[in-house]
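If you want the building blocks of each chain, they are given just below.
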Amino acid sequence: MKTTVSIIKADIGGLPGHAWVHPKILEFAAERLKEEQKRGLLIDYFVYNVGDDMSLLMTHTKGENNPDIHGLAWSIFKEATENIAKKVKLYGAGQDLLKDTFSGNVRGLGPQVAEMEFEERPSEPLVVFAADKTEPGAFNLPFYKIFADPFNTAGLVIDPAMHEGFRFEILDVYEGKVYLLDAPENSYDILGLIGTPGRYIIRRIYRKADFVQASVTSVERLNLIAGHYVGKDDPVAMVRAQHGLPAVGEILEAFAYPHLVEGWMRGSHVGPLMPSKMISIDLEKRIAMGPKMTRFDGPPKVIAIGFQVHDGYLEGPVDLFDDPAFDYSRQLAAQITDYIRRMGPVMPHRLPPEEMEYTTLPQILSKLKSVPVDEYEKNRLQYIQFVSSQVGQSVTGPSHD
Ligand code: F6R
Ligand code: MG
Ligand code: MG
């Protein structure tokens, strides 16, 4: 039997602002998934959040892109939006549901999707990630370290099953093209691409020896779908662990260093990715409440929860960043937060202009007026006097407009 693990996530409203998910929404989703488990569509499920994003983790035997599974997630997001988020006026109710009609697949409609179908090994440890106030490319650096950096992953050197390395599937989200590159042979090429995380995203990784799939990351880019700023594309991902794949500890190790990612405050700032603990886990209800996003709507946070998958059932989860050994990473992330925040609206804390294209900044800048430099130099005094006589108004020259 092949098991499919599907994670579909959306931001359908925040409590308050973009800080957190309403607990009632998680409960609603878990109840709906329980019904579908009883009806036999799902084998198992788990619901959790990080910041304002709710993830539905579902196991079944229907394969990837299944209309029933996608339809279920879509209807849960829709119903929770109508019945809860809009009723109590959560902030940005239904924010990620960009289209009105569902036609078999949530891809391109707003939610993030990460799915993987596999034959379960005798024991199947699975690490599930979700991050808020960042983008799918935020996983590029840690996933490279997990699968290609022997200084992170001892198994690349020591374990014969991993020694041949891994094949990286990298998606160019601008051009809709896929690159297949091997580590260690093409490591420099891989880095050449994934060093631009807003464009090139490591989507799937395979073990080269037998093409066993080891990971998958969501790749939806909301701005590219909507054509304007609609929040960042807070990503989800999962990685299979152990027995010829990176150990759970090698997977988590890559997050000990809080690297800088894009997507903080207004989707327009760079900040450290803080590996964060869950606030609570309710094993009975199959719900975990994740961290809140409060300092400057962040900083960007990533959570990791671990399961043992058996016959499609999800044993767990275990909150994997709930280890004092990650306290130092959190502390470091807090220090970097403090440091970088002092730059205010200045790059590189604020994103470069290309990345601001989908935000509201172009609207503001388009109102400003300017004068060709040669002409200005010729009549500088006139221009200066003209401007100074209009303090508080936007700048224009005497002979223009
Ligand atoms: C949302 C996010 C937040 C918002 C910010 C402004 O993912 O990153 O930082 O961008 O709170 O939100 P609006 O414009 O909705 O008031
Ligand atoms: Mg939001
Ligand atoms: Mg979010």
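Thresholds applied
- Residues numbered from 1 in each chain as written.
- Chains lettered and ligands numbered in written order.
- Predicted model: local features only at pLDDT ≥ 70, side-chain atom pairs only at ≥ 80, totals over all residues.
- Heavy atoms only, no water.
- Salt bridge = Lys/Arg side-chain N within 4 Å of Asp/Glu carboxyl O.
- Helix = DSSP H or I, 4+ residues; strand = E, 2+ residues; numbered from the N terminus.
- Buried < 20%, exposed > 50% of the residue type's maximum accessible area, 1.4 Å probe, protein only.
- Near = heavy atom within 4 Å.
- Polar contact = N/O pair within 3.5 Å; in protein donor to acceptor, adjacent residues only side chain to side chain.
- Areas by Shrake-Rupley, 256 points an atom, 1.4 Å probe, with all protein chains shown as cover.
- Nonpolar A, V, L, I, M, F, W, Y, C, P; charged D, E, K, R; others polar.

All chains considered together, the criterion is met by 26 salt bridges. In this structure, R32 engages E79 in a salt bridge whose closest nitrogen and oxygen atoms are separated by 3.0 Å. Here R32, found in helix α1 (residues 23-39), pairs with E79, found in helix α2 (residues 67-85); they are 47 residues apart in sequence, far enough to count as distant. Ionic pairing is found between K208 and E185, a salt bridge with its closest N-O pair at 2.7 Å. One end of the pair, K208, is in the loop between β8 (200-207) and β9 (213-217); the other, E185, is in the loop between β7 (177-183) and α5 (187-194), with 23 residues separating them in the sequence. Exposure remark for K208: the relative accessible area of 9% places this residue in the buried category. By sharing partners, the salt bridges in this structure join R32, E35, E36, R39 and E79 into a single network.

Attention now goes to the site of ligand 1. Taken together, eight residues lie near ligand 1, and H18, Y91, M265, R266 and D297 sit nearest. In the environment of ligand 1, an oxygen atom lies 3.2 Å from a nitrogen or oxygen atom belonging to the side chain of H18. A distance of 3.0 Å is found between an oxygen atom of ligand 1 and a backbone nitrogen or oxygen belonging to R266. If ligand 1 stood free it would expose 410 Å²; the protein chains cover 77% of that surface. Among the residues forming the shell around ligand 1, the class breakdown is three nonpolar, two polar and three charged.

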